[in-house]
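Understanding the architecture of this molecule
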Amino acid sequence: MNATRQADVVIVGAGAAGMMCAIEAGRRGRSVIVLDHARAPGEKIRISGGGRCNFTNRDAAPRHYLSANPSFCISALRQYSAQDFIRLVEVRGIAYHEKTLGQLFCDSSSRQIVELLTDGLAAAGAELSLSTGMREVAKTPDGFRLETDRGTLACRSLVIASGGRSIPKMGATGFGYDVATRFGLGIVPTRPGLVPLTLDPPTLERLAPLAGVGVEARVRHGRTAFEEGLLFTHRGLSGPSILQISSYWREGEEIEIALAPHADVFAHLREARGRNGKQSPATALGALLPKRLAQAIGEAAEPAAARLADLSDKALRRLEQAVNGWRLKPAGSEGYRTAEVTLGGVDTADLDSRTMQARNVPGLYFIGEVVDVTGWLGGYNFQWAWSSGWVAGQHA
Ligand code: FDA
């Protein structure tokens, strides 16, 4: 990049949101430069969905998003929906499948989505400037001036698409929040979301033998519950149901877990006791749970009982509680190191939901994960990136 260059639109961040915005702005005839300090565009897309990118969710709707203003995402999701992105994928001829719960994945590789975007950028005449770090951003009378480590840029519209704090190893920075603060926009405090939860040392020690065990569980926090896989790990708990609930959970709070949510555990144990009282509680629970888990629960809840016949109904109720009413206070989360997303971010009260433009700074836009809109696990976060990027691309 030469000393001072002029563009209609500069976009910081060549991720999902930034590239979608660049394509749309370029199509409108705007001169567009997309900057990224990374060496390759769309790195999070590339690694997403285990290399197959869960690029959207067929059912994406506002209720799948967390934000201080839950209505903020309505406009963008309506203007550019999951069906719109699916059409783009189909026109491109990318084969995909639904895995579960409306989650759409590439059959072959997430690189196909990255290529869809980089080819779209080129076709729209947008320029991609990689390995370009940002130093300063300043307002000028007719736009913005940016000092990058490849020279100075001047633009009319500045779009911040620099993502959240998750996975710093991949280039995540707090850049977008700093820009927002500098221009007087509010920040809803950020925290890691869609992240494994950790346990205190005694609980961890007790559960250590279960590392690697997985079940279909129902995990609840207050009135919010998810029924998906749960995985015991060497650090604590993971799996989709835990990642989902982690976005709702706060330090010091409890979650409640049902490890066999569709079973009437008490009825099952009573029937088992009547049929064969000599069997151990663990053996009886083994019909409902993986063996190692049944063993651990049986021994922890009724350590002295070798036979079901020795257990009263009250004791069976205790076992039922241990299986389907397990209340636990996670010690913490694995943090931004492994979090898929960042909750909180640029306060939507300071943005126009129809355009993504800052209310008090004409020409300044925020899109994607840097904004205080965070989706559930399951393709919702990319859909927010596509929708918010598309919307800003119509106005920047
Ligand atoms: P994104 O983070 O993609 O892009 C921001 C860009 O800005 C990056 O390229 C970064 O290098 C650049 N940048 C940052 N600071 C900068 C600076 N100071 N100067 C220049 N450039 C800068 N979601 C989903 O819907 N389905 C899925 O399958 C997955 N899977 C998944 C797996 C893993 C491991 C993670 C970590 C995350 C997911 N996600 C996901 C979440 C999804 O990846 C995320 O929500 C989107 O990538 C957000 O898109 P953005 O474009 O907003 O930010």
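Residues numbered from 1 in each chain as written. Predicted model: local features only at pLDDT ≥ 70, side-chain atom pairs only at ≥ 80, totals over all residues. Heavy atoms only, no water.

1. Considerations on the sheet that holds strand E5 (residues 96–98)
The three strands are arranged E3-E6-E5 in an open sheet whose pairing can be described as antiparallel. The open sheet has two edge strands, strand E3 (54–57) and E5, and neither has a second partner. Neighbour-to-neighbour, the strand axes of the sheet open up by a mean angle of 30°, direction not taken into account. Each of E3, E5 and strand E6 (103–106) is contacted by helix H4 (residues 82–91), which is oriented at about 140° to E3, the strand it contacts most. (Pairing = 2+ DSSP bridges. Helix = DSSP H or I, 4+ residues; strand = E, 2+ residues; numbered from the N terminus. Axes fitted to C-alpha atoms, helices over the stretch in contact; angles between N-to-C directions. Contact = heavy atoms within 4.5 Å.)

2. Thoughts on the packing of aromatic side chains
Following the criterion strictly, the structure yields twelve aromatic pairs and no others. Taking the centre distance of 6.2 Å and the plane angle of 85° together, the rings of tyrosine 65 and tyrosine 380 count as edge-to-face. Linking tyrosine 65 in strand E4 (residues 65–66) with tyrosine 380 in helix H13 (residues 380–393), this pair joins segments that are 315 residues apart in sequence. Across the pair, exposure class does not vary: tyrosine 65 and tyrosine 380 are buried alike. Between phenylalanine 382 and tryptophan 386 the ring centres are 5.7 Å apart and the planes differ by 20°, which places this aromatic pair in the stacked class. One end of the pair is phenylalanine 382 and the other is tryptophan 386, both in helix H13 and four residues apart, which spans about a single turn. Look at phenylalanine 382 and you get buried, because its relative accessible area is 16%. Overall, tryptophan 386 belongs to the buried group, its relative accessible area being 0%. (Phe/Tyr/Trp six-rings, centres within 6.5 Å; stacked < 30°, edge-to-face > 60°. Buried < 20%, exposed > 50% of the residue type's maximum accessible area, 1.4 Å probe, protein only.)

3. Points about the UniProt feature "domain: RsdA/BaiN/AoA(So)-like Rossmann fold-like" (unreviewed entry) in the protein chain
In this structure's numbering, the residues bearing the UniProt feature "domain: RsdA/BaiN/AoA(So)-like Rossmann fold-like" (unreviewed entry) are residues 8–394. End C-alpha atoms of residues 8–394 are separated by 13 Å, and the span's content is 31% helix alongside 25% strand. (UniProt positions renumbered as here; feature names shortened; annotations may be inferred.)

4. Quick look at the sheet that holds strand E15 (residues 236–238)
Taken together, the seven strands give an open sheet; going across it, the order is E17-E16-E13-E14-E15-E12-E18, and neighbouring strands pair in antiparallel fashion. What marks the edges here is a single partner per strand, and that holds for strand E17 (326–328) and strand E18 (332–333). For strand E13 (residues 214–221) and strand E16 (residues 255–258), the ladder comprises three bridges, and the chain directions are antiparallel. Residue pairing for E16: arginine 218 is matched across the bridge by alanine 258. With respect to the sheet, helix H12 (residues 313–324) is in contact with E16 and E17, its orientation differing from that of E16 by roughly 110°.

5. Focus: the packing of helix H1 (residues 16–27) against helix H5 (residues 111–123)
Packing of H1 against H5 brings their axes to within 8 Å, and their N-to-C directions diverge by 30°. What the angle tells us is that H1 and H5 run roughly parallel. Here the hand of the crossing between H1 and H5 comes out left-handed. Side by side, H1 and H5 meet where Met19, Met20, Ala22 and Ile23 of the first sit next to Leu117, Thr118, Gly120 and Leu121 of the second. Looking at side-chain class alone, the contact of H1 with H5 contains six nonpolar, two polar and no charged residues. (Parallel < 35°, antiparallel > 145°, perpendicular 65-115°, else oblique. Left-handed = near helix turned anticlockwise from the far one by under 90°. Nonpolar A, V, L, I, M, F, W, Y, C, P; charged D, E, K, R; others polar.)

6. Focus: the pattern of salt bridges
The full count for this structure, using the stated rule, is 18 salt bridges. Note that arginine 273 and aspartate 313 form a salt bridge whose closest N and O atoms lie 2.6 Å from each other. You can see arginine 273 sitting in helix H9 (residues 265–275) and its partner aspartate 313 sitting in helix H12, a full 40 residues away along the chain. Note that arginine 317 and glutamate 320 form a salt bridge whose closest N and O atoms lie 3.0 Å from each other. Within this pair, arginine 317 and its partner glutamate 320 are both found in helix H12, separated by three residues, close to a single helical turn. (Salt bridge = Lys/Arg side-chain N within 4 Å of Asp/Glu carboxyl O.)

7. As for the nonpolar core
Membership of the largest hydrophobic core comes to 76 residues, with the highest contact counts inside it found for Ile113 and Phe366. In this structure phenylalanine 366 touches Ile160, Gly176, Val179, Ala180, Leu185, Val346, Leu351, Met356 and Val371, once residues within four positions along its chain are discounted. Core analysis: the next-biggest nonpolar cluster, separate from the first, contains 38 residues, Phe226, Ile255, Ala272 and Trp326 among them. (Core = buried A, V, L, I, M, F, W, Y, C linked by side-chain atoms within 4.5 Å.)

8. A closer look at the pairing of strand E9 (residues 143–148)
Looking at chain direction, strand E8 (residues 134–140) and E9 are connected through six bridges and run antiparallel. By the bridge assignment for E9, threonine 140 is matched with glycine 143. From the end of E8 to the start of E9, which pair antiparallel, there are two residues. By the bridge criterion, five bridges tie E9 to strand E10 (residues 151–160) in an arrangement that is antiparallel. Paired with leucine 146 across the two strands is leucine 153, which belongs to E10.

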